[in-house]
Amino acid sequence: MKVRFWGVRGSIASAITGKDVENKLRAALALATPADLLTPESVDNFIASLPFSIRGTYGGNTTCVELLSEGDEQICVIDAGTGIRPLGNSLLERGRLQGNDEIYLFFTHSHWDHIQGLMFFAPIYIPGNTFHIYSSFADIEERLRYQQVRTHFPVIMDEMAAKRYFYHIPELTPTQVGKFTVKTKAVRHPGGCYSLRFEENGKTFVFCSDAEFNLDTMDEIGSYVEFFYGADVLVFDTQYTFEESLRKIDWGHSSAAIATDIALRSAVKKLVMFHHDPSYSDSKMDDLIIQTLKYKDMAGQDQDLEIVAAYEGLTIEI
Ligand SMILES: [Zn+2]
Ligand SMILES: [Zn+2]
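What you are looking at is a predicted structure, and each value in this text was computed from that prediction instead of being measured.

What follows is about the overall build of the protein. Scanning the protein from N- to C-terminus turns up 10 helices and 14 strands. Relative to the globule expectation of 20 Å for 318 residues, the C-alpha radius of gyration of the protein, 20 Å, shows essentially globular dimensions. Expressed along its principal axes, the backbone C-alpha trace of the protein runs to roughly 60 × 50 × 40 Å. In the protein, which comprises 318 residues, the share counted as buried stands at 41%. Relative to all contacts within the protein whose residues are 6 or more apart in sequence, the contacts with residues 24 or more apart total 71%.

See below:
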């Protein structure tokens, strides 16, 4: 299977500003030597050598993750934050969902940052496409319809041309969805939220965003460790710094330190930091990763755990 990130930001979409671009240019120029600028090749090499926060951006779109089965046959999407809009364009460019095609959408919960891109997902307006929509919230159809009443959006759901079928996944019940076996587990979050575990051909992908784990809840972690256990990739809510997580109890998110502890206890192979705070700049994100890697070296001794932060365009083969 393959995972690709289209929206990684939490709470609200946060576009990069002109000032941010200016700061990146300044930082890049300060690192350049005359030899770096001599030829187009030396410029390319110089750009490739820059830290990620200078040459790129983590991205400002809200939650949307694409999950493809072996051979890219079955397309799944986790949550429809604003990142689903560029995903729709990409799918059409790849020749998918142009009519007579199918897609599987999974909703962890219905906070705005996880649903508000759906009306901008071009394939949902194309006749002949079929959308299979899954959630452990039995009323997900009503919730999605509600964001499209005419006072909020000009097009209501019944005017979208693709066929839509809604399915309820009972919590902790392995459910076959095409090529994937899917299981959900409720996590602590205002209004509720479910994490998702996907298995295909002996590989496991777990998505756990919008989930509050803190020092108080670590005693009850057993059933979660079981749910995350052995994941090849675990995407985890790391919206807060450790200091913020001590202040923001009951706000519904976690820190990268707690995520690292849980990933280590769950024998996870790769942890992906996710749901980045909308106020964090790219350079602050780079700092957070460095801190998290240092913490992992302290907490995990020599246990194998790779840690990366999600950015728009990150693709992981599992
Ligand atoms: Zn969220
Ligand atoms: Zn949420």
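A word on unusual backbone geometry. One non-glycine residue, Leu172, lies in positive phi territory at about 60°. As for its placement among the helices and strands, Leu172 is situated in the loop between strand E6 (163–168) and strand E7 (175–177). A positive phi angle, near 50°, is found at Asp210, a position not held by glycine. Topologically, Asp210 is positioned in the loop between strand E10 (203–208) and helix H7 (222–228). On the neighbour-count criterion, Asp210 (29 C-beta atoms within 10 Å) is buried.

Our focus in this paragraph is the domain arrangement of the protein. Segmentation of the protein into domains returns domain 1 (2–14 + 57–317) and domain 2 (18–55). On a C-alpha basis, the centroid separation for the pair domain 1 and domain 2 is 32 Å. Taken together, the contacts link five residues of domain 1 with four residues of domain 2. Split into classes, the residues belonging to the side of domain 1 that touches domain 2 amount to one nonpolar, two polar and two charged.

What follows covers the sheet that holds strand E14 (residues 315–317). A sheet is described by the order of its strands in space; here seven strands give the open sequence E6-E5-E4-E3-E2-E1-E14, paired in mixed fashion. The outermost strands of the open sheet, each flanked by one partner alone, are E6 and E14. Pairs of neighbouring strands in the sheet enclose a mean axial angle of 20°, with direction left out of account. Note that strand E3 (residues 75–78) and strand E4 (residues 102–107) share three bridges and pair parallel. Residue pairing across strands places Ile78 opposite Phe106, the latter belonging to E4.

Further remarks concern the nonpolar core. Core analysis: the largest hydrophobic core is formed by 71 residues, its most contacted members being Val77, Leu234, Val235 and Phe236. A total of six residues in this core trace back to one element, the largest contributor, which is helix H9 (residues 256–265). Contacts of Val235, omitting those with residues within four sequence positions, involve Val65, Phe207, Cys208, Ser209, Val272, Phe274 and Ala310.

Now for the sheet that holds strand E9 (residues 193–200). The strand order across the open sheet formed by seven strands is E7-E8-E9-E10-E11-E12-E13, and the pairing between neighbours is mixed. The outermost strands of the open sheet, each flanked by one partner alone, are E7 and strand E13 (306–309). Sheet twist, expressed as the mean angle between neighbouring strand axes with direction ignored, is 25°. Relative to E13, strand E12 (residues 270–274) runs parallel, the two being bridged by four bridges. If you follow Leu271 over to E13, its bridge partner there is Ile307.

What follows covers the pairing of E12. Extensive coverage of E12 is indicated by the burial of four of its five residues. By the bridge criterion, five bridges tie strand E11 (residues 233–237) to E12 in an arrangement that is parallel. Residue pairing across strands places Val235 opposite Val272, the latter belonging to E12. Each parallel crossover has a hand, and the one from E12 via helix H10 (residues 282–299) to E13 is right-handed.

Secondary-structure assignment places Met157 in the loop between helix H6 (140–146) and E6. Judged by the 17 C-beta atoms lying within 10 Å of it, Met157 falls in the partly exposed class. As a C-alpha pair, Met157 and Glu141 span 16 residues in sequence and 9.6 Å in three-dimensional space. Setting aside its immediate chain neighbours within four residues, Met157 contacts Leu144, Arg145 and Gln148.

Turning next to the packing of H9 against H10. At a closest axis distance of 10 Å, the pairing of H9 and H10 adopts a crossing angle of 40°. The angle between the axes of H9 and H10 places the two elements in the oblique class. The way H9 lies across H10 gives a crossing that is right-handed. Where H9 approaches H10, its residues Ala256, Ala257, Thr260, Asp261 and Leu264 are matched on the opposing element by Leu288, Thr292, Tyr295, Lys296 and Ala299.

Criteria and cut-off values
Residues numbered from 1 in each chain as written. Chains lettered and ligands numbered in written order. Predicted model: local features only at pLDDT ≥ 70, side-chain atom pairs only at ≥ 80, totals over all residues. Helix = DSSP H or I, 4+ residues; strand = E, 2+ residues; numbered from the N terminus. Rg over C-alpha atoms; globule rule 2.2 N^0.38 Å. Buried ≥ 20, exposed ≤ 12 C-beta atoms within 10 Å, placed from the backbone. Contact = placed C-beta atoms within 7 Å. Domains from an automatic or database assignment. Nonpolar A, V, L, I, M, F, W, Y, C, P; charged D, E, K, R; others polar. Pairing = 2+ DSSP bridges. Axes fitted to C-alpha atoms, helices over the stretch in contact; angles between N-to-C directions. Core = buried A, V, L, I, M, F, W, Y, C linked by C-beta atoms within 7 Å. Right-handed = clockwise from strand over helix to strand, strands pointing away. Parallel < 35°, antiparallel > 145°, perpendicular 65-115°, else oblique. Left-handed = near helix turned anticlockwise from the far one by under 90°.

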